[in-house]
Amino acid sequence: MHPAPSVIIFTTLSGIGFGMLAWLGIDATPPQGWVAFAFFFIAYALAVGGLISSTFHLGHPERALKAFTQWRTSWLSREGVCAVAGLCVIGLYAAALIFLGTHLPILGWIGAALSLLTVFTTSMIYGQLATIPRWNTPLTSVLYLAYALTGGALLTGRVSIAITLLLVTTAVQIMWWLRGDKAFADRGSSLETATGLGNLGTVRSVAHPHTSPNYLMKEFIHVVGRKHAQKLRIISLILMAGLPILLLSIHVGHIFALLAVLSHVAGVATSRWLFFAEAEHTVGLYYGMR
Amino acid sequence: MTTLPQSTEKKLGLVIDLDTCVGCHACVISCKGWNTENYGAPLSDQNPYGDEPMGTFLNRVHSYEVTSPGETAKTVHFPKSCLHCENAPCVTVCPTGASYKRQEDGIVLVNEKDCIGCGLCAWACPYGARELDQAEGVMKKCTLCVDRIYNENLPEVDRTPACVRTCPAGARHFGDFADPESNVSKLTAERGGMDLMPELNTAPVNKYLPPRPKDTWDFEESVLAPFLAPVAEETTGFLGWLDKQLSKLPGDKETN
């Protein structure tokens, strides 16, 4: 799949933002006043910034409101509904903390649930696609939720929880990669099943429909970017978990925490780039490529 | 509405005969022509006269080589367009309701006024049947020429999809798969019409007819072979003499 920057930025930032909102929502002793403002501002900037970024790849962003209508069948529509509902509920919860100094725990828990539900719906947009076997697994939802909770814990200053979750997320990520590497072969789709010509022998693409790449090839086939995939996996794990754990273990303070956060975000973005760049779509079969 | 109908009254679709298709791409051109001039946004081209021309097509013809040990390789031309699946994954993922499958005839369509161009339906389609038009920013797909097949302004003979009407080899057939007596149902039954990527459970309406088995030749060589005179390897006669004399003179260019 083509790794579109808008979607990488969206899933990376929104995931962390909604993860932060979830942690702030269930906090028994949440921050109040200006400190609360700072935390919620960062969380909203990430969550909403990511959502806005995701509209950049739309052909007609001015019609985006229509995307709230088909929640009965569409995970993308459900994501929109959950995101807006979550942001509204947490908004009230945050306003009470910031301006009134009042803690409304029930509102917080509802907001936290909606925030995590938003991350889950995002993961299902990818996880539902049978056309991309690497994504088509419940593990994709586990992966997205793990990343969101980890980033959220890190950015809300829950150091010991964050270290544990960084290790858990590393394990989930490795499991997801190992499963993903076998997923396409396990699904059994090949140029033989794609053309129905398997009974006659081995099928080979000898001529593409047109002489130069088309939308389908640009969108679904991304062979070049996979060259350094293994190295990038290691880099992403070091940035996402290794460095942050090291920094947080050395010293707990603002500078180290900031460095840990920046490293983590860079690591998550690298992992998300790989999420798209390594994904192989069945359309590639018709072009003799994956 | 992106909920798929439980069943459709008709199941309009195509039968594509891989035995007959000659790979001329006439269906590609007629499709592009009709669908640029009629229903919905035109099918745009980008850089059409440049190094890497690109454009939106609702129908594309691939060419494949099939090899099997002990047999000669076969070339199979393979036209591919929307299969109007009964279990269309492209429809249910649409967030706006722009994509829908019609209850009355099973055609899968896009209401371009509602399409936000998110591209998710193209991701959900295993076959590459949907293409995001780069100029209009909306999703384009085969409409089964919905503006031809019911169009009473056209002569009756033209009330079929443009690709079917134009195919010079008769490799494309249009009809109702819900009617067991229709031409397409009979062809599918007679020739073993098949689904593409059945493992993905999309239940395509369009069927592909496999190439017929090729006949074989049981003799060692052609029966005409003994009557063919051997081809002269050396030039003879006046031209042969001239060639030899000229070769003796210096100044010939080296040839590979």
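Cut-offs used in this document
- Position numbers for residues count from 1 along each chain, tracking the sequence in the order it is written.
- As they are written, the chains are lettered A onward and the ligands numbered 1 onward, keeping that order.
- Thresholds applied to this predicted model are a pLDDT of at least 70 for local features of residues and 80 or more for the giving and counting of side-chain atom pairs; totals over whole chains, interfaces and linings are not thresholded and use all residues.
- Helix and strand definitions follow DSSP, with helices as H or I runs of at least four residues and strands as E runs of at least two, each counted in order from the N terminus.
- Radius of gyration means the value over C-alpha atoms here, while the globule rule gives 2.2 Å times the residue count to the 0.38 power.
- With C-beta atoms placed from the backbone, a residue counts as buried when 20 or more other C-beta atoms lie within 10 Å of its own, as exposed when 12 or fewer do, and as partly exposed for counts between those limits.
- Two residues qualify as a contact pair if the distance between their C-beta atoms, derived from the backbone, is within 7 Å.
- At least two DSSP bridges between two strands are needed for those strands to be called paired.
- Angular values range over 0 to 180 degrees, each being the angle between N-to-C directions of two axes fitted as lines to C-alpha atoms, with helices fitted over their stretch in contact.

A word on the overall build of chain A. Scanning chain A from N- to C-terminus turns up eleven helices and one strand. When the helices and strands of chain A are read in sequence order from the N terminus, they spell out α-α-α-α-α-α-α-β-α-α-α-α. Taken over the C-alpha trace, chain A has a radius of gyration of 21 Å; the compact-globule value for 290 residues is 19 Å, and the two agree within 12%. The principal-axis extent of the C-alpha atoms belonging to chain A is close to 75 × 45 × 30 Å. With 290 residues in all, chain A has 49% of them scored as buried.

Time to look at the environment of A:A64. Along the polypeptide, A:A64 turns up in the loop between α2 (33-54) and α3 (75-100). Placed 16 residues apart in sequence, A:A64 and A:G80 show a C-alpha to C-alpha distance of 9.6 Å. Once you skip the residues sitting within four places of it in the chain, A:A64 turns out to touch A:T55, A:L58 and B:I116.

Picture the strands of a sheet paired through backbone hydrogen bonds; they go either parallel or antiparallel. Strand order in the open sheet formed by three strands is β1(A)-β4(B)-β5(B), and the pairing between neighbours is antiparallel. Looking at strand neighbours, the two that pair on one side only are β1 (202-207) of chain A together with β5 (74-81) of chain B, the edges of this open sheet. This sheet shows a mean twist of 40 degrees between the axes of neighbouring strands, independent of strand direction. Its contacts with the sheet put helix α1 (residues 26-37) of chain B on β4 (59-67) and β5 of chain B, and the angle it makes with β4(B) is roughly 165 degrees.

Let's shift gears to the interface of chain A and chain B. Every contact between the two is made by 46 residues of chain A and, on the other side, 51 residues of chain B. At the level of elements, α3, α7 (191-195), β1, α8 (215-220) and α11 (283-286) of chain A are the ones that each hand at least two residues to the side of chain A that touches chain B. In terms of residue count, the dominant contributor to the side of chain A that touches chain B is β1(A) (six residues). In terms of strand pairing, β1(A) meets β4(B) through five bridges, oriented antiparallel. Among the inter-strand pairings, A:V203 is bridged to a residue of β4(B), identified as B:V66.

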